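Structural description and commentary
Read off the chains here:
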Amino acid sequence: GRGAHSVHLTVGAETTSAGLTTAAFLMCLLTGAGFGFPAVMDRFLGLVERDIDFRKPLPFGGLLQPPSAAATVAATVTPGGSAAEAVEVLTARTVELLRRLAAELDPGFVSEFWRQLPLDRIEFSAQKQFDFYIEYLDTQRSIFRRVQGRTPNLSMADRQKLYEKSLTPV
């Protein structure tokens, strides 16, 4: 429809500004594991530039694509699937992308790379990222309700202006 591009742009901008992208998540994971040096980061950033999978939004909410149809019957904490499912999907995506990155590293360094990035660290980080996502949504909902509650008779355009003004520091 006419507004489809606007919605897509808004979701894309919000996803990027909140850091809810695969590249941002992987950057945090790699840096936290001690891989902030050029031998890893140069290759990682090259993959981010070349491979769209590294630039996708995180698979949360409506963007969650479950690994199987049977998984969709899970209780929904987030639109599109359960919290556990979202963490599982992000963990699987992360492992796949780290494998692609490891294939580009010096072969003598790969075992150290995986030693510093065990599965439990990846799962823990995925859970923390999902927790941030839920907090972020709660904050956005709170702001929206606050603005909407004060402006029951305003048009959407006027509500948007008021919302933007509420984000600007005084």
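Quick note: structure is the one above.
The structure reproduced in this document is the subject of the present report. Predicted model only: the values in this text are computed from it and were never measured. (Residues numbered from 1 in each chain as written. Predicted model: local features only at pLDDT ≥ 70, side-chain atom pairs only at ≥ 80, totals over all residues. Heavy atoms only, no water.)

Broken down by element type, the protein chain carries seven helices and zero strands. Put simply, the protein chain runs from its N terminus to its C terminus through helices and strands in the order α-α-α-α-α-α-α. Burial analysis of the protein chain (170 residues in total) assigns 33% to the buried set. Taking the intrachain contacts of the protein chain between residues at least 6 apart in sequence as the baseline, contacts between residues at least 24 apart amount to 63%. Roughly 10,400 Å² of accessible area belongs to the protein chain as shown, and the carbon and sulfur atoms make up 60% of that amount. (Helix = DSSP H or I, 4+ residues; strand = E, 2+ residues; numbered from the N terminus. Buried < 20%, exposed > 50% of the residue type's maximum accessible area, 1.4 Å probe, protein only. Contact = heavy atoms within 4.5 Å. Areas by Shrake-Rupley, 256 points an atom, 1.4 Å probe, with all protein chains shown as cover.)

Turning our eyes to something else, we now look at the packing of aromatic side chains. Taken as a whole, this structure holds ten aromatic pairs when the rule is applied. With centroids separated by 6.2 Å and ring planes inclined at 70°, the aromatic side chains of F44 and F54 adopt a geometry described as edge-to-face. Remark: F54 occurs in the loop between α3 (38-50) and α4 (83-104) and F44 occurs in helix α3; sequence separation between them is ten residues. Owing to a relative accessible area of 1%, F54 belongs among the buried residues under this scheme. On the basis of an interplanar angle of 35° and a centroid distance of 6.0 Å, the ring pair of F132 and Y136 is categorised as tilted. Here F132 pairs with Y136, and both are found in helix α6 (residues 119-150), just four residues apart, close to one helical turn. Here the aromatic residues F35, F37, F109, F113 and W114 are joined through ring pairs into a cluster of three or more. (Phe/Tyr/Trp six-rings, centres within 6.5 Å; stacked < 30°, edge-to-face > 60°.)

Our focus in this paragraph is the packing of helix α2 (residues 22-32) against α4. In helix packing, the relevant descriptors are the interaxial angle and the interaxial distance, both defined with respect to the helix axes. It is at 11 Å that the axes of α2 and α4 come closest, and there the two elements cross at 70°. The angle between α2 and α4 falls in the class roughly perpendicular. Residues T22, F25, L26, L29 and L30 of α2 touch α4, and the partners they reach there are L90, R93, T94, L97, L98 and L101. Of the residues assigned to the contact of α2 with α4, the class counts are eight nonpolar, two polar and one charged. (Axes fitted to C-alpha atoms, helices over the stretch in contact; angles between N-to-C directions. Parallel < 35°, antiparallel > 145°, perpendicular 65-115°, else oblique. Nonpolar A, V, L, I, M, F, W, Y, C, P; charged D, E, K, R; others polar.)

Let us now look at the pattern of salt bridges. When the charged atoms of two side chains lie near each other, side chains of opposite charge can form a pair. Counted by the stated rule, this structure contains seven salt bridges. Across the salt bridge formed by E96 and R100, the nearest N and O atoms sit 3.2 Å from each other. Here the residue E96 and the residue R100 both occupy positions in helix α4, the gap between them amounting to four residues, near one helical turn. One network of salt bridges, in which partners are shared, links D51, D53, K56, E96 and R100. (Salt bridge = Lys/Arg side-chain N within 4 Å of Asp/Glu carboxyl O.)

Those residues of α2 lying buried are T22, A23, F25, L26, L29 and L30. Taken down its axis, α2 places every buried residue within 160° of arc, on the same side. Trailing α2 by a residue or two, G34 shows a phi angle of about 90°, which is positive. (Arc of directions from axis to C-beta.)

All right, on to the nonpolar core then. Counting residues in hydrophobic clusters, the biggest one holds 21 residues, and the most contacted among them are L30, F44, L98, L101, F113 and L117. For this core, the secondary-structure elements that each account for two or more residues are α2, α3 and α4. Once residues within four sequence positions are removed from consideration, L101 is found in contact with L30, V40, R43, F44, L47 and F113. Counting twelve residues, the second largest nonpolar core, distinct from the first, contains L58, F130, Y133 and Y136. (Core = buried A, V, L, I, M, F, W, Y, C linked by side-chain atoms within 4.5 Å.)

It is worth spelling out the packing of α3 against α4 at this point. Interaxial distance between α3 and α4 falls to 10 Å at its minimum, and their mutual angle equals 120°. Regarding the angle of α3 to α4, the classification is oblique. The crossing of α3 and α4 is right-handed. In this structure, α3 uses V40, R43, F44, L47 and R50 to contact α4, whose residues at the interface are R100, L101 and E104. (Left-handed = near helix turned anticlockwise from the far one by under 90°.)

Coordinates in, geometry out; function isn't part of it.
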